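As a plain string of letters, each chain reads:
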Amino acid sequence: MSAGDVTPGGPLPGTGGSPPRPRMPMGFGPALIVLVALGGVTLASINDLVSANAAVTRSLEALERLQALKAVVRQLEASELAILLTAREQDSNVYDAAEGDIVRLHGDLDRLLDAPQQRERLQQLSIVTSDVSASFRSALAARAGGGTAAPAGEWRSGLVSDALIAAVTAIERAERQELRQREATSAARARRAQSHVLVASVLGFITILIAGLMVRRDVLERRKVTHRLERANATLAGAVAEAQQRRDEITRLARLSHFLQGCRTSDEASGVIQKTAPELFGAAGALYLVTGERLERAAAWDEGRQLQQTFPRDACWAMRQGMMHEAAPGGTGPGCLHLEGGETATCVPLVADGGAFGLVVIMPRGNAEDRAAARSTVLAGAEQMAAGLANLRLRESLKIQSLQDPLTGLYNRRFLHDALSRECHDARRHTDRPVALLLLDVDFFKRVNDTAGHAAGDLLLQALAELLGRTFRGSDIACRFGGEEFAMVLAETHLDVALRRAEALRLAIHGLHAYHGTAILRGLTVSIGVTAGSGEGLTPERLLHEADTALYEAKARGRDCCVAYADGPGVRPLPFETVPPMPLA
C-alpha cells in the first residue's frame, strides 16, 4: 500500500466505510429530562425547608431580644427610682443608657417580627415606652422648677413596669406560639424534602444506570471503530514513511547524478562519491576502478578506508559474475578474497558497455533484514555511479581523441593552439618569461613514402614522436602540426636557449632509425624554424607566423638546419604581409 492509495475525503482502509458520526445514545434524552425534573422538585423542597428554618431562626432571635428588653425595662425602672430618691448623676447616665438599649432592641424587633399582629403589638409597645419616658421627664422637670414630684412608691406602683412588662410579655407569648407553628412547618418540610431526595436519588440512580449502560454500549462500539482507524492509520503512516524514504533516496541519487554530471575528471568524480556516499548508503564502503587486471581504490569513506588498496580482479566474486555478491561470515555464498575473514560486505560491479570497469564495496550495518532493505539503495547508487563514471570515461576518451594524433600519440594542432594561447597569456604578463616555438619539418619525406611505402613513413613518424617525448622537458609540449610537420612549445625559454635545444634535436634525429620488416630506415633529417617572444602584442598567430617564416628560411638554406626568426630571411626575404596565414585547426 502506498500513500497515493488513500483518496482525500474518502473512507480509510480497514474501517469498512465512513467513520460513525457523533450521536447521542438512545434513551439519554429522556433520562436527562427525568433527572432535570427530579432536581427541580428536590431544589424546590430544599428551598422551602431553608425558608422555614430561616423563619424559625428569626423567631428565636426575636424571643432573645424580648428577654433582653425585659431586663432593660427592669434596669430602666431601677434607675428612675434611684433618680427620684437620690438625684445622683450616675443614675441619670444609667437611665440614658437604658433608654438607648430600648431603642436599639425596638429596632431589632422591628426587623425580626414579620407577622402583622406582632408588628401592631410592637407599635403599641413603642407608644407605651414613649409615654413612660415622657411622664418621667415631666416629673423631673417639675422637681427641678421647685414643684412637688410624686413619691417613689407611687411612681413604682403604676407608671413604669406593669404596662411595659405586660406589652413585652404579650409579644413574647404570641411569638412563642408563632415559633411552635414555624417549627412544625419546618419539620414537615424537612420530612417532605427528605422523601423527595430519597425518591430523586433512587430514580436518578436508575436513570444513570440505564444511561451508563447505553453509553457503555456506544463506547464499546466507538472503541472498535477507533481500533480499526488506528490500524488503518498505522498502515497509512508506514506507507507514508516508506514513500518518504523512497523520495529521500531518489533525492540523494539525483543529487549524486547531478554532481557526477558536473565533474570533468574521474578523480574529481571519485572525490564527489567519497563525500556523498555516507549519506546515500548509510554505511562504510569504498570505490575501486579497474587498472589493467587489478582494482585500485579510488575513494573510501568511514571504515572503508581499512579495506585493501588494490587487489586482482578475480579476488572478488562480483567481478567474476558481473552481478552483486553478498559476503557474510557463516553465509551460504563464498567470501571474497579481498575481504578479511570476519567482514560482511556487499560488492556491486560497475558495468558499462557489457564490461565491468569498477567495483563498489559496501559494509552494511545491522542484521540481515536491514541489509535486505538497503539492497535496492545499494543497487541504485551503484547504477548511478556506473553511469556517471562511464560517461566521464567516454568524455575523457573523446577528449583525448579530439586532442591527440592517433598515429604518433602526440597532441594535435587544436591542442597546440590552446597551449599557445595559455603560454602567450603568461608571457604577456611576465616579460622575463618568454615562450619559444619550434616548427619542425622532415626533409624529403615524400621520398620515403614513394620508395619504402606509407607504412615505413608512419614508422619513422612514430619514432620521431617518441624521440621528441624523450628529448624535451615534461613541461614542454610536443604536437604534430600536420603531415610530416611537428611543433614544440617551450615555456619560459629565451630564443638562444631554444635555438640550442633545436640544434641538439636536429643532431639527435641524425641517429634515428626504425625497422620495417628486414629493412632499416635511417638517414632522416629535419629543418627547424625557431622563434620566441614576450610582452604586449604577443599572440599565437604571431608566433606561428614567425616560426613558419624561419622554417621556410631553413628550407631555403638547404634543409637540415635550424634558423631563428631573429636571423631574418637572409636568403629569401619574405615580408610578413606576403606570408600566407596558416590555419590553426
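Here's what I pulled together on the structure shown here. All residue numbers refer to position in the chain's written sequence, counted from 1. Two thresholds apply to this predicted model, a pLDDT of at least 70 for residue-level local features and 80 or more for giving and counting side-chain atom pairs, whereas whole-chain, interface and lining totals are computed over all residues. Each side-chain value is worked out from all heavy atoms of the structure, with water and hydrogens disregarded.

1. Points about the sheet that holds strand β3 (residues 310-312)
Here's step 1: One open sheet holds the six strands; their spatial order is β3-β2-β1-β6-β5-β4, and the pairing between them is antiparallel. The open sheet has two free edges, formed respectively by β3 and β4 (325-327), since each of these has just one partner strand. Between one strand and the next, the sheet's axes are offset by a mean angle of 25°, whatever the strand orientation.
Here's step 2: Between any two strands, at least two bridges found by DSSP are needed for them to pair. A run of H or I in DSSP counts as a helix once it spans at least four residues, and a run of E counts as a strand once it spans at least two, with each numbered from the N terminus. With six bridges joining them, strand β1 (residues 284-291) and strand β6 (residues 355-363) adopt antiparallel strand pairing. Counted as the bridge partner of L289 is G358 from β6.
Here's step 3: Running over the sheet, helix α6 (residues 266-281) touches β1, β2 (294-301) and β6 and is turned about 60° from β2. Inter-axis angles, ranging from 0 to 180 degrees, are taken between N-to-C directions of lines fitted to C-alpha atoms, where helices are fitted over the stretch in contact. Residue contacts are counted whenever heavy atoms from the two residues lie within 4.5 Å of one another.

2. Overview of a nonpolar patch on the surface
Here's step 1: Any residue with relative accessible area above 30% and no salt bridge may belong to a patch, with like charges joined within 9 Å and the nonpolar Val, Leu, Ile, Met, Phe, Trp and Tyr side chains within 5 Å. All accessible areas in this document rest on Shrake-Rupley with a 1.4 Å probe, and a residue is counted as covered only by the protein chains that are shown. Salt bridge, as used here: a side-chain nitrogen of Lys or Arg that lies within 4 Å of a carboxyl oxygen of Asp or Glu. A surface patch of nonpolar side chains, amounting to about 840 Å² of accessible area, comprises L198, V199, V202, L203, F205, I206, L209, I210 and L213.
Here's step 2: With respect to the helices, strands and loops of the structure, L209 is situated in helix α5 (residues 161-262).
Here's step 3: For L209, a relative accessible area of 45% translates into the label partly exposed. Only protein chains enter the accessibility calculation, which uses a 1.4 Å probe; a residue is then buried when its area is under 20% of its type maximum, exposed when over 50%, and partly exposed in between.

3. Some thoughts on the packing of aromatic side chains
Here's step 1: Under the pairing criterion, centres of Phe, Tyr and Trp rings, with the six-membered ring standing for Trp, must be within 6.5 Å; the plane angle then separates stacked pairs below 30 degrees from edge-to-face pairs above 60, leaving the rest tilted. For the structure shown, the criterion picks out three aromatic pairs.
Here's step 2: Judged by centre distance (6.4 Å) and plane angle (15°), the rings of F281 and W301 are stacked. Here F281, found in helix α6, pairs with W301, found in strand β2; they are 20 residues apart in sequence, far enough to count as distant.
Here's step 3: Accessibility expressed as a relative area gives 10% for F281, which makes it buried.
Here's step 4: For W301, a relative accessible area of 1% translates into the label buried.
Here's step 5: A centroid spacing of 3.7 Å and a plane angle of 15° characterise the contact between Y411 and F415, whose relative ring orientation is stacked.
Here's step 6: For Y411, a relative accessible area of 32% gives the class partly exposed.
Here's step 7: When its relative accessible area of 14% is taken as the criterion, F415 is described as buried.

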